[in-house]
Amino acid sequence: MNSPLLKPLLFALAFAVTSFADFTPADSAKAAANCGGSFLSTTVLGKNPDNARAKAKTEIAQSIISNVKSQTKMTDQSEEIDGVLKESSKFSETSEIESNLTLLGFKEIETPKRQKNGEFELKSYICAKDAAKGFLEQQRLLSDSLSLAANTALSTKHPKHKNEAWQKTRRLWVEFIKLQKLLEVLGVESPYPAKEIYTRAKANYESYCRSVKVFWQDAGNECSKTVFSMLSNKIRMEKSKCSNGLKLDLNCPEKCASSSIEIECSVNPSLAIESCGGEKYSMLKIKEPITASHSQKKNLAMENLIENLPKAVFWSEWEKEIKEWIPKCVE
């Protein structure tokens, strides 16, 4: 344990079992020489040689996972890395991690030895550089995808596409960071520039987000007042001339018609999502007009209509669509 050859990975060997003392300085020197550097090792007992090998692989894999959690103080709650929320509980899903570790570079100091009690003792190890190969390949693919997403977020002027590209960049960065934590435990440095790419994209999106506002325009009738009141509770917007950002242009004509039985009023609102320069992005409509009636008076029919409007079913759909066009500022 105190061999200077093992210092780069001393923190990763905290899983040692009771028989670990059997891994001698000579064994450590042999493993270090074969690896050309750091390694992870264990000594285990198994019912047969294959059982011992499986047990050794699992212990080394679990030690890495345990040390990742320990280093980052992980819990089953979300934590933030560089402004990105990630589900740290996903590190508890060990099957994929174990497969990457156990399939690459597992070595034995010598063949398993049968003990007096009938069990087989196995001294085994994995070179840090071999254990890292699977994670580095995953990082390479993630880094390439992250670069493409970040470049789209940087270059596109289309608000919805910019939001989508930025959110994809964030997701890929989270996956990259998860692998980076594993590589840190292995003492292996990532060669990929994902952090620089992500940092540049983040700064650009933050600047974009601060500059974009949502401007509201409508006809100024009772329907318009109600729609604005409902949406402005969920979405920050201002009633002024559109200068830089999105324009929400509401069309909500109020119609009333009399019959021998009653007076019926209706509204059929539609909302255009546009750029300040007039580029049309989306048009929101409802499936059926909203109606209300009164037996005698038009003003009471209108009052009933305005009371019915907030109860309509289209609000959540409109809110969701509008938010897809608005920048989601990095917290």
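The preceding data block contains the structure.
This section reports on the structure supplied with the text.

Rules and cut-offs
Residues numbered from 1 in each chain as written. Predicted model: local features only at pLDDT ≥ 70, side-chain atom pairs only at ≥ 80, totals over all residues. Heavy atoms only, no water. Helix = DSSP H or I, 4+ residues; strand = E, 2+ residues; numbered from the N terminus. Buried < 20%, exposed > 50% of the residue type's maximum accessible area, 1.4 Å probe, protein only. Contact = heavy atoms within 4.5 Å. Areas by Shrake-Rupley, 256 points an atom, 1.4 Å probe, with all protein chains shown as cover. Axes fitted to C-alpha atoms, helices over the stretch in contact; angles between N-to-C directions. Left-handed = near helix turned anticlockwise from the far one by under 90°. Nonpolar A, V, L, I, M, F, W, Y, C, P; charged D, E, K, R; others polar. Pairing = 2+ DSSP bridges. Parallel < 35°, antiparallel > 145°, perpendicular 65-115°, else oblique. Arc of directions from axis to C-beta. Expected span 1.5 Å × (residues − 1). Core = buried A, V, L, I, M, F, W, Y, C linked by side-chain atoms within 4.5 Å.

1. Re the overall build of the protein chain
- Across its full length, the protein chain holds 9 helices and 13 strands.
- Relative to its full complement of 331 residues, the protein chain shows a buried share of 47%.
- When contacts within the protein chain are restricted to residue pairs at least 6 apart in sequence, those whose partners lie at least 24 apart make up 67%.
- Approximately 17,600 Å² of the protein chain is accessible, and the part contributed by carbon and sulfur atoms is 49%.

2. Let's talk about the packing of helix H5 (residues 159–186) against helix H6 (residues 194–211)
- Two numbers describe how H5 lies on H6: the axes approach to 11 Å, and their chain directions differ by 145°. The handedness of the crossing between H5 and H6 comes out as left-handed. Where H5 abuts H6, its residues Pro159, Lys162, Asn163, Trp166, Thr169, Arg170, Trp173 and Phe176 lie against Ala194, Lys195, Tyr198, Ala201, Lys202, Asn204, Tyr205 and Tyr208.
- Residue classes in the contact of H5 with H6 are distributed as 9 nonpolar, 3 polar and 4 charged.

3. Concerning the sheet that holds strand E12 (residues 280–284)
- Strand order in the open sheet formed by 4 strands is E7-E8-E11-E12, with mixed pairing between adjacent strands. Both edges of this open sheet fall to strand E7 (213–217) and E12, since each of them pairs with a single strand only. In this sheet, adjacent strand axes meet at a mean angle of 20° when their direction is disregarded.
- In the sheet, strand E8 (residues 245–251) pairs with strand E11 (residues 270–275) via 6 bridges, with the strands oriented antiparallel. Opposite leucine 248, over in E11, you have isoleucine 273 as the bridge partner.
- Strands E8, E11 and E12 of the sheet are contacted by helix H9 (residues 315–323), whose axis makes an angle of about 5° with E11.

4. With respect to the packing of helix H4 (residues 128–155) against H6
- Between H4 and H6, the least distance of the axes is 10 Å, while the angle of their chain directions is 20°. Regarding the angle of H4 to H6, the classification is roughly parallel. Crossing angle aside, the handedness with which H4 passes H6 is left-handed. Facing Ser143, Leu146, Ser147, Ala150, Asn151, Ala153 and Leu154 of H4, the residues of H6 in contact are Ala194, Ile197, Tyr198, Arg200, Ala201 and Asn204.
- Looking at the contact of H4 with H6, its residues break down into 8 nonpolar, 4 polar and 1 charged.

5. Notes on H9
- Among all positions in H9, only Trp315, Trp318, Glu319, Glu321 and Ile322 are buried. Buried residues in H9, looked at end-on, bunch into an arc of 165°, giving them a common side. Among the exposed residues of H9, those oriented more than 90 degrees off its buried face are Ser316, Glu317 and Lys320.

6. Quick look at H6
- Under the 1.5 Å per step criterion, the end-to-end length of H6 is 26 Å for 18 residues, consistent within 8% with the ideal 26 Å.
- Within H6, burial applies to Ala194, Ile197, Tyr198, Ala201, Lys202, Tyr205, Tyr208 and Cys209. Looking down the long axis of H6, one finds its buried residues gathered within 130° of arc, a one-sided arrangement. Exposed positions of H6 whose direction lies more than 90 degrees from the buried face are Glu196 and Arg210.

7. Brief notes about the nonpolar core
- Counting 38 residues, the largest nonpolar core has Leu146, Trp166, Trp173 and Leu186 as its most contacted members.
- If you list the elements that add at least two residues to this core, you get strand E1 (39–46), helix H2 (49–72), strand E6 (120–127), H4, H5 and H6.
- With 11 residues, H5 is the largest single contributor of residues to this core.
- Grouped together as the second largest cluster of nonpolar side chains are 33 residues, Val214, Cys223, Ile263 and Ile286 included.

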